[in-house]
Amino acid sequence: MNKQIILLPGDGVGTEIMESAKLVLNAVASEFGHSFALHQHAIGGDAIDQYGTPLPNETIKACQQADAILLGAVGGPKWDSLPANLRPEKGLLGIRKSLGLFANLRPVKGFTSLLHASPLKESVIKGSDILIIRELTGGLYFGKPSERRENGNAVVDTLYYQRSEMERIIDKAFQSAQIRRKHLTSVDKANVLESSRMWREIVNEKSKDYPDVTVEHLLVDAAAMKLVTQPNQFDVMVTENLFGDILSDEASVLTGSLGMLPSASIRSDGVGLYEPVHGSAPDIAGLGIANPLGMILSVAMMLRHTFHLEEEATEIEQAVHETLRQGYYTPDLHIKGGKQVSTKEMTAIVVENMTTKSVSDSICSM
Ligand code: NAD
Ligand code: IPM
Ligand code: MN
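Small disclaimer: the values here were computed from a predicted structure and weren't measured. (Residues numbered from 1 in each chain as written. Chains lettered and ligands numbered in written order. Predicted model: local features only at pLDDT ≥ 70, side-chain atom pairs only at ≥ 80, totals over all residues.)

## Things to note about the nonpolar core
In terms of nonpolar packing, the biggest core is built from 100 residues, with Ile-69, Leu-70, Ile-133, Ile-296 and Val-299 touching the most fellow members. When we break this core down by domain, the ones giving at least three residues each are domain 1 (1-105 + 260-366) and domain 2 (119-255). In contact with Ile-296, not counting residues within four places along its chain, are Ser-20, Ala-21, Val-24, Ile-316, Val-320 and Val-350. (Core = buried A, V, L, I, M, F, W, Y, C linked by C-beta atoms within 7 Å. Buried ≥ 20, exposed ≤ 12 C-beta atoms within 10 Å, placed from the backbone. Domains from an automatic or database assignment. Contact = placed C-beta atoms within 7 Å.)

## Considerations on the site of ligand 1
What surrounds ligand 1 is a group of 22 residues, the closest being Gly-75, Gly-259, His-278, Gly-279 and Asn-291. Of the residues contributing to the shell around ligand 1, the split by class is nine nonpolar, nine polar and four charged. (Near = placed C-beta within 6 Å. Nonpolar A, V, L, I, M, F, W, Y, C, P; charged D, E, K, R; others polar.)

## Details of the domain arrangement of the chain
Per the domain assignment, the segments of the chain are domain 1 (1-105 + 260-366) and domain 2 (119-255). Between domain 1 and domain 2, the C-alpha centre-to-centre distance is 24 Å. When contributions to the side of domain 1 that touches domain 2 are tallied by element, the ones reaching two or more residues are helix H4 (88-98) and strand E4 (103-109). Considering only residue class, the side of domain 1 that touches domain 2 consists of 10 nonpolar, four polar and two charged. (Helix = DSSP H or I, 4+ residues; strand = E, 2+ residues; numbered from the N terminus.)

## Description of the sheet that holds strand E3 (residues 68-73)
If you walk across this open sheet you meet the 10 strands as E2-E1-E3-E12-E11-E4-E5-E10-E8-E9, and the pairing is mixed. The outermost strands of the open sheet, each flanked by one partner alone, are strand E2 (35-40) and strand E9 (214-219). Taken over all neighbouring pairs, the strand axes of this sheet differ in orientation by 25° on average, direction set aside. In this sheet, strand E11 (residues 264-266) lies alongside E4 in antiparallel orientation, the contact comprising three bridges. Bridge pairing in E11 places Leu-105 opposite Ala-264. Across the sheet, helix H9 (residues 241-251) lies against E4, strand E5 (129-135), strand E8 (183-188) and strand E10 (236-239), angled at about 155° from E5, the strand it touches most. (Pairing = 2+ DSSP bridges. Axes fitted to C-alpha atoms, helices over the stretch in contact; angles between N-to-C directions.)

## Considering the UniProt feature "binding site: substrate" (unreviewed entry) in the chain
Look at the UniProt record and you will see "binding site: substrate" (unreviewed entry) annotated at Arg-96, Arg-106, Arg-134 and Asp-221. Maximum C-alpha separation among the annotated residues is 26.9 Å over a sequence range of 126 residues, too wide for a single clustered spot. For Arg-134, the location among the structural elements is in strand E5. On the neighbour-count criterion, Arg-134 (28 C-beta atoms within 10 Å) is buried. If we skip the residues at most four places from it in the chain, Arg-134 touches Asn-104, Arg-106, Thr-239, Asn-241, Gly-244, Asp-245 and Ser-248. (UniProt positions renumbered as here; feature names shortened; annotations may be inferred.)

## Some remarks on the packing of helix H11 (residues 310-325) against helix H12 (residues 343-353)
For the pair H11 and H12, interaxial distance at closest approach is 8 Å and the crossing angle is 120°. Judged by the inter-axis angle, H11 sits oblique to H12. Remark: the crossing between H11 and H12 carries right-handed chirality. From H11, Ala-319, Val-320, Glu-322 and Thr-323 reach across to H12, where they touch Met-346, Ile-349, Val-350 and Asn-353. Classifying every residue of the contact of H11 with H12 by side-chain character gives five nonpolar, two polar and one charged. (Parallel < 35°, antiparallel > 145°, perpendicular 65-115°, else oblique. Left-handed = near helix turned anticlockwise from the far one by under 90°.)

This is the structure in C-alpha cells:
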C-alpha cells in the first residue's frame with residue numbers, strides 16, 4: 001500500500017508525540033511492506049511563528065490532497081494573548097472545517113492494567129467501553145456573530161446548527177451503535193436550549209430508521225455525573241460540539257489519563273484527521289515525559305478506518321496493551337510494581353512489542 005500522510009505536529013508535546021507516531025508508522029511499513037510517505041506541515045503556534053498565521057494555505061492544500069492526516073496538538077501560553085483569529089486553536093478549527101470533518105469519534109476503553117490508575121473505583125470503571133461521537137464543525141465553535149459589544153461590556157457567541165448538520169452526525173451515531181452494543185445515548189440540554197430540542201426531535205425521528213438500536217436521552221449535566229458513576233451503562237454517546245469536548249476529557253479519567261485517548265475526525269467518504277484528545281500540555285512540554293499512547297492509538301485508528309488495515313491496527317493496539325501489561329507507564333499514570341519511563345522509552349517498547357503477537361480486543365468499532 002502506497003499512501004500520502006500529512007503530519008501536523010503543532011505545539012508543545014504535539015511535536016514530541018509526533019516522533020512516536022513516525023516510529024510506529026515506520027515499523028508498520030517495514031513489517032507489512034507498505035509505503036507511507038510522511039509530509040510534515042505547520043499548524044497552530046508553530047505556523048504563527050513561521051508564517052504569521054495558524055493555518056497557512058499550503059497546509060490546507062497539502063491536507064486536501066492527502067490520504068490521511070495526523071495531528072499532535074496546538075496552543076500554548078506564548079500565543080494566548082493574540083487576537084481570536086490569530087490563535088493557534090483557529091488553525092485546528094479551520095482545518096476541521098475546511099475538510100468537512102464533522103464526526104469526531106473518541107473511544108474510551110478501560111485498559112485492564114490501568115484499572116487502578118484511575119482515581120475512580122475499579123468496580124465502577126471495570127468493563128467500560130464507550131464511543132463518544134462529537135459533532136465537530138458546528139455549534140458554538142463556529143456560529144456567527146461571535147464578538148464583544150457595547151464597548152467591551154457585552155459579548156455574544158452564537159449556537160447555530162442546520163438540521164442537516166444534526167442529521168448527519170446522528171445518523172453516524174446510530175450506524176456506529178448498530179455495529180457495537182446497539183445502545184445510543186443522546187446528550188443534550190433540551191430543558192433549556194432550542195438547539196437541543198431540535199436535536200432531540202431528530203434523534204426520535206431517526207430512531208424509526210434504526211429499530212435495532214435502543215435510544216436514551218440524557219441531559220448533559222446528568223450525563224456528566226453518570227459518566228463517572230455508572231460508565232458501564234454507556235455504549236455510543238452522541239452530542240453537539242461543546243458538550244462532546246467537555247464530556248470526552250471527563251471520560252478520559254476512566255482510562256487513568258487524558259494522554260490515553262485517541263480520536264478520529266472523519267467525513268462520509270472516510271477521509272480523516274487523527275489526533276489524541278489532549279492538548280499541547282504546556283506544563284510538561286519539553287520534558288520528554290508526555291504519554292505517547294493517545295497518539296499511537298490514533299495511528300491505529302487511522303490505519304483501520306481510512307486505510308482498512310485491520311491487522312496492522314490491531315497489532316499496534318495489542319502492543320499498547322502488552323506494554324501496559326508489562327508495567328511501563330509515563331508519569332501521568334501509575335502502575336503498581338511497574339516502571340516509569342519517558343516518551344521515547346515508552347514508544348520504543350511499543351514498537352518492540354509490535355512484533356510479539358497476542359490476542360486481545362481491538363480498541364474500537366465505529
Ligand atoms: P491539555 O490537554 O494540554 O492538558 C491538560 C492536562 O493533562 C495537563 O496537566 C497536561 O500535562 C496533561 N496531559 C495532556 N496530555 C498529556 C499527555 N500526552 N501525557 C501526559 N499528560 C498529559 O489541556 P490544557 O492545559 O487545558 O490546554 C493547553 C493548550 O492546549 C491550550 O492552548 C489549549 O487550547 C490546547 N489544546 C489543544 C488541543 C488540540 O490540539 N487538540 C486539545 C486541547 C487543548
Ligand atoms: C479538542 C480541543 C479543541 C476543541 C480546541 C483546542 C479548539 O479542546 O480537540 O478537544 O475544543 O475542539
Ligand atoms: Mn478538548
